[in-house]
Amino acid sequence: MVKGRRVLLGVTGSIAAYKAVEIARGLVKKGALVQTVMTASACRFVTPLTFAAVTGQPVFTNEIDFTENGEMSHISLAAQSDLVIVAPATANIIGKAAGGIADDLLSTLLLVARPPILMAPAMNCRMYEHPAVQKNIETLRTRGIEMEGPCSGDLACGEEGSGRMADPSDIIARAEAMLAQSGDLAGRIIMVTAGPTREPLDPVRFISNRSSGKMGYAIAEAAVRRGARVILVSGPVSLPQPSGLEAYDTVTTAAEMHDAVMGRLGGADALIMAAAVSDYSPDQPAAKKIKKQDDTLAVTLQKNPDILAEVGKRRKRPLLIGFAAETENLEKNAREKCRSKKLDLIVANDVSKPGIGFDSDDNEALLLSASGDATPLPRMSKSRMADAILDKIAILLQSTRS
Ligand code: PMT
């Protein structure tokens, strides 16, 4: 997840410095707070004012000074960053970082910063191929510093070969992936269910509901952005498969959803059931299309397995998050579901309200925890609500770990 993350962008003296402006702009567009540190020679290629204008933040140049809080800028800048990018990274900064030399703000900061750190080398091809540079890059790699590029092509010096800084869009994509791995759900396995189930009456008819899958898919996408390994079990919906999933199972009936969830639950840290699972299904679906005959038709329904309740009974179980789709007594009914299914958290949505709940882009809910807290989530997009729900889940996961 890039939104709200702090990225420190180190710019060194190369003709590619102008492309760093594009990196800063791309990250800011995605919601990152970008702070720029420029070396003295970088300032000869692009002015600090350009980065200040693009990022909306003051730019740090070579001076090691004190911030408003009295902290030394190199310590606080490094400590507050979620990711450090050096782009372009000259042979000089790569050598200084590998050798532990700290003779200006950026090189000093690289001694203080801890990974994730990303460098995008840019230099003449013969410089890049020099054994000293290759060794320095290898040294940095072994310390966990990642490299994006360089690419091959025409170089500013007129030669052709490997040494061009990677494309800004590739650097941004790599930064996004690195931020995702270091997100607040990094390493967590989160299973999400989404959409409706369909219970067949005969080969062409079924009982179902109006769930579009939007809420569950938004949660799956947000969890991926925040670094989780996400398993999405989806009922029949017409949404594209989100990218970055660990696994994606599509099912039709409640029984199939039950089996898919149970089959993959081992190792999961959290199960988020946003799916609208049918409580009942026809006990004997007809093998052939039911013919129109009498004025009335009786169908016997049997209870489907309650997936959440079953997982809730396990001694060793993941964090359990349910949804409650209610049309009356929202909090009372949701609390009862939370208690009876032994959930840690329930998202109660009043599906009788227009514009929220089933098949809409927005939702409004009451987030109720087993311990009794109630957090109202006012009407917002499902994608924002997904992050609000995951904020709470991240805290709960943190407290169960410690
Ligand atoms: O898909 P959208 O169009 O975006 O709409 C989102 C939504 C309204 C479907 C979603 O926000 C929602 O409320 N999902 C749960 C709907 C529902 O089935 O609620 P329920 O109160 O019937 O079930 C309570 C919980 O038990 C749910 O988490 C459900 O997934 C789970 N359940 C229900 C039945 C069953 N047999 N097994 C279950 O695990």
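Residues numbered from 1 in each chain as written. Predicted model: local features only at pLDDT ≥ 70, side-chain atom pairs only at ≥ 80, totals over all residues. Heavy atoms only, no water.

1. A closer look at the overall build of the chain
The cut-off we apply is this: Here a helix means four or more residues in a row that DSSP labels H or I, a strand means two or more in a row labelled E, and each is numbered from the N terminus. Whether a residue is buried, partly exposed or exposed follows from its accessible area with a 1.4 Å probe, protein chains only, as a fraction of its type maximum: under 20%, in between, or over 50%, in that order. The contact rule is simple, with two residues in contact once any of their heavy atoms fall within 4.5 Å. Shrake-Rupley sampling with a 1.4 Å probe provides the accessible areas, and residues are treated as covered by the protein chains on show and by no other component.
Counting its regular elements, the chain contains 14 helices and 19 strands. Referenced to the eigenvectors of the C-alpha coordinate spread, the extents of the chain come out at roughly 85 × 45 × 40 Å. Residues classed as buried in the chain amount to 49% of the 402 residues present. The contacts in the chain between residues at least 6 apart in sequence include a share of 65% that link residues at least 24 apart. With the model as given, the accessible surface of the chain reaches about 19500 Å², and the carbon-plus-sulfur share is 49%.

2. Quick look at the sheet that holds strand 13 (residues 270–273)
Heads up, the rule is: Any two strands with at least two DSSP-identified bridges between them are counted as paired. Axis geometry follows a simple rule: fit a line to the C-alpha atoms, using only the stretch in contact for helices, then measure angles between N-to-C directions, giving values from 0 to 180 degrees.
A sheet is described by the order of its strands in space; here eight strands give the open sequence 12-11-8-13-16-17-18-19, paired in mixed fashion. Since the sheet does not close on itself, it has two edges, and those belong to strand 12 (247–250) and strand 19 (374–381), each with one partner. Here the average twist between neighbouring strands, direction ignored, is 15 degrees. Bridge analysis of strand 8 (residues 189–194) against strand 13 gives four bridges, and the strand direction is parallel. Bridging from a neighbouring strand, Val 192 pairs with Ile 272 of strand 13. Strand contacts of helix 11 (residues 254–264): strand 8, strand 11 (229–234), strand 12 and strand 13, with the helix running at about 180 degrees to strand 8, the strand carrying the most contacts.

3. Observations regarding the environment of Ala 270
Tracing the chain through its elements places Ala 270 in strand 13. On the basis of relative accessibility, which here comes to 0%, the residue Ala 270 falls in the buried class. Sequence spacing of Ala 270 and Pro 115 is 155 residues, and the spatial spacing of their C-alpha atoms is 27 Å. For Ala 270, the contacting residues outside a window of four places in its chain are Ile 189, Ile 190, Met 191, Pro 318, Leu 319 and Ile 321.

4. Concerning unusual backbone geometry
With omega at -5 degrees, the peptide bond leading from Ala 87 into Pro 88 counts as cis. Of note, the bond from Gly 149 into Pro 150 is cis; its omega dihedral lies within 30 degrees of zero at 5 degrees. Position of Pro 150 among the secondary structure elements: in the loop between strand 5 (146–147) and strand 6 (151–154). The residue Asn 329 is not glycine, and still its phi comes out positive at about 45 degrees. One can find Asn 329 in the loop between strand 16 (319–326) and helix 13 (330–340). Judged by relative accessible area, which is 48%, Asn 329 ranks as partly exposed.

5. Re the site of the ligand
The cut-off we apply is this: Nearness is defined per residue: one heavy atom within 4 Å of the molecule or strand is enough. N or O atoms within 3.5 Å of each other form a polar contact, as long as, within protein, one can give a hydrogen and the other can take it, and as long as residues adjacent in sequence are counted only when both atoms are side-chain atoms. Basically, the charged four are Asp, Glu, Lys and Arg, the nonpolar ten are Ala, Val, Leu, Ile, Met, Phe, Trp, Tyr, Cys and Pro, and anything else, Gly included, counts as polar.
Neighbouring residues of the ligand: 27 residues in total, closest Ser 211, Ser 212, Lys 337, Asn 349 and Asp 359. In the model, an oxygen atom of the ligand is placed 2.6 Å from a nitrogen or oxygen of the Ser 211 side chain. In the model, an oxygen atom of the ligand is placed 2.7 Å from a nitrogen or oxygen of the Lys 382 side chain. Protein contact buries 96% of the 760 Å² of open area that the ligand shows by itself. A per-element tally of the shell around the ligand places strand 16 first, with four residues. Of the residues contributing to the shell around the ligand, the split by class is 13 nonpolar, seven polar and seven charged.

6. Some thoughts on the domain arrangement of the chain
As a reminder, the rule being used: All the domain ranges listed were derived from an automatic or database domain assignment.
When its domains are assigned, the chain resolves into domain 1 (6–155 + 163–180) and domain 2 (189–397). Averaged C-alpha coordinates put domain 1 and domain 2 at centres separated by 44 Å.

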